[in-house]
Amino acid sequence: MITVLLVEDHPGYREALAAVLSLEDDIAVVGQAERGDEAGRMAANSQPAVALVDLDLPGGDGITAVGQIHRSSPTTACVILTARPHDVACRAAIQAGAAALLRKSVEVPVLLSTLRAVAQGRETSPRAASDGGMTSR
């Protein structure tokens, strides 16, 4: 089972992600945080395989949240979600240890394949950045 922590401040988007993930037999959402400063504590409590982290969060940005998650749950792979075009902040997130970067407009099959790949420690496809909104380190 792939356990997932959602770190997203927009309730509607967070709930939609949770609903989509709940349809998968091999994925379980184990926590939801609205703020960046909640991410590390929630990761410590739930030890998820993957954290989906919004780049822009109240209470600390997604880059800071990735660092907190890695300190409190070193085996958790972080995937950044963003509405921004690929820019300096997105590259900084990858440098901070995010396993992949997805645009919020990503198609569900790409989201699911990315979650499964990073949970298994596999590299994700940088090509998807131009095809569906994903990049990886």
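In this text, all values refer to a predicted model and were calculated from it rather than measured experimentally.

Participant: Kindly report on the overall build of the chain, identifying the contributing residues and their values.
Facilitator: Within the chain one finds six helices and six strands. Along the chain, helices and strands appear, N-terminal first, in the series β-α-β-α-β-α-β-α-β-α-α-β. Going through the 137 residues of the chain one by one, you find that 47% of them count as buried. Intrachain contacts of the chain at a sequence separation of at least 6 include 63% that bridge at least 24 residues. When the accessible area of the chain is evaluated, it comes to approximately 6,200 Å², of which 52% is carbon and sulfur surface.

Participant: Explain the confidence of the model for the chain to me, and be specific about the residues and the numbers.
Facilitator: On average, residues of the chain score 85 in pLDDT, and 85% of them reach the 70 mark or higher. Looking at the elements of the chain, mean pLDDT is at its lowest for helix α6 (residues 128-131), recorded as 35, and at its highest for strand β1 (residues 2-7), recorded as 97. Low pLDDT, under 50, characterises residues 125-137; the predicted model gives this stretch 34 contacts beyond four residues in sequence or across chains.

Participant: Describe the environment of Glu34, and please don't skip the residues or the numbers.
Facilitator: Position of Glu34 relative to the elements: it lies in the loop between β2 (27-33) and α2 (36-46). You can call Glu34 partly exposed: its relative accessible area is 42%. The sequence separation of Glu34 and Leu6 amounts to 28 residues, and the corresponding C-alpha distance is 8.4 Å. When sequence neighbours within four positions are dropped, the list of residues in contact with Glu34 reads Glu8, Asp9, Arg14, Leu57 and Pro58.

Participant: I'd like to hear about the packing of α2 against helix α3 (residues 62-72), residue by residue, with values.
Facilitator: Interhelical geometry of α2 versus α3 gives an angle of 20° and a closest axis separation of 8 Å. One way to sum up the angle between α2 and α3 is to call them roughly parallel. In the packing of α2 onto α3, the handedness of the crossing is right-handed. Across the interface between the two elements, Gly36, Asp37, Ala39, Gly40, Ala43 and Ala44 from α2 touch Ala65, Gln68, Ile69 and Ser72 from α3. Of the residues assigned to the contact of α2 with α3, the class counts are five nonpolar, four polar and one charged.

What counts as what
Residues numbered from 1 in each chain as written. Predicted model: local features only at pLDDT ≥ 70, side-chain atom pairs only at ≥ 80, totals over all residues. Heavy atoms only, no water. Helix = DSSP H or I, 4+ residues; strand = E, 2+ residues; numbered from the N terminus. Buried < 20%, exposed > 50% of the residue type's maximum accessible area, 1.4 Å probe, protein only. Contact = heavy atoms within 4.5 Å. Areas by Shrake-Rupley, 256 points an atom, 1.4 Å probe, with all protein chains shown as cover. pLDDT = per-residue confidence, 0-100. Axes fitted to C-alpha atoms, helices over the stretch in contact; angles between N-to-C directions. Parallel < 35°, antiparallel > 145°, perpendicular 65-115°, else oblique. Left-handed = near helix turned anticlockwise from the far one by under 90°. Nonpolar A, V, L, I, M, F, W, Y, C, P; charged D, E, K, R; others polar.

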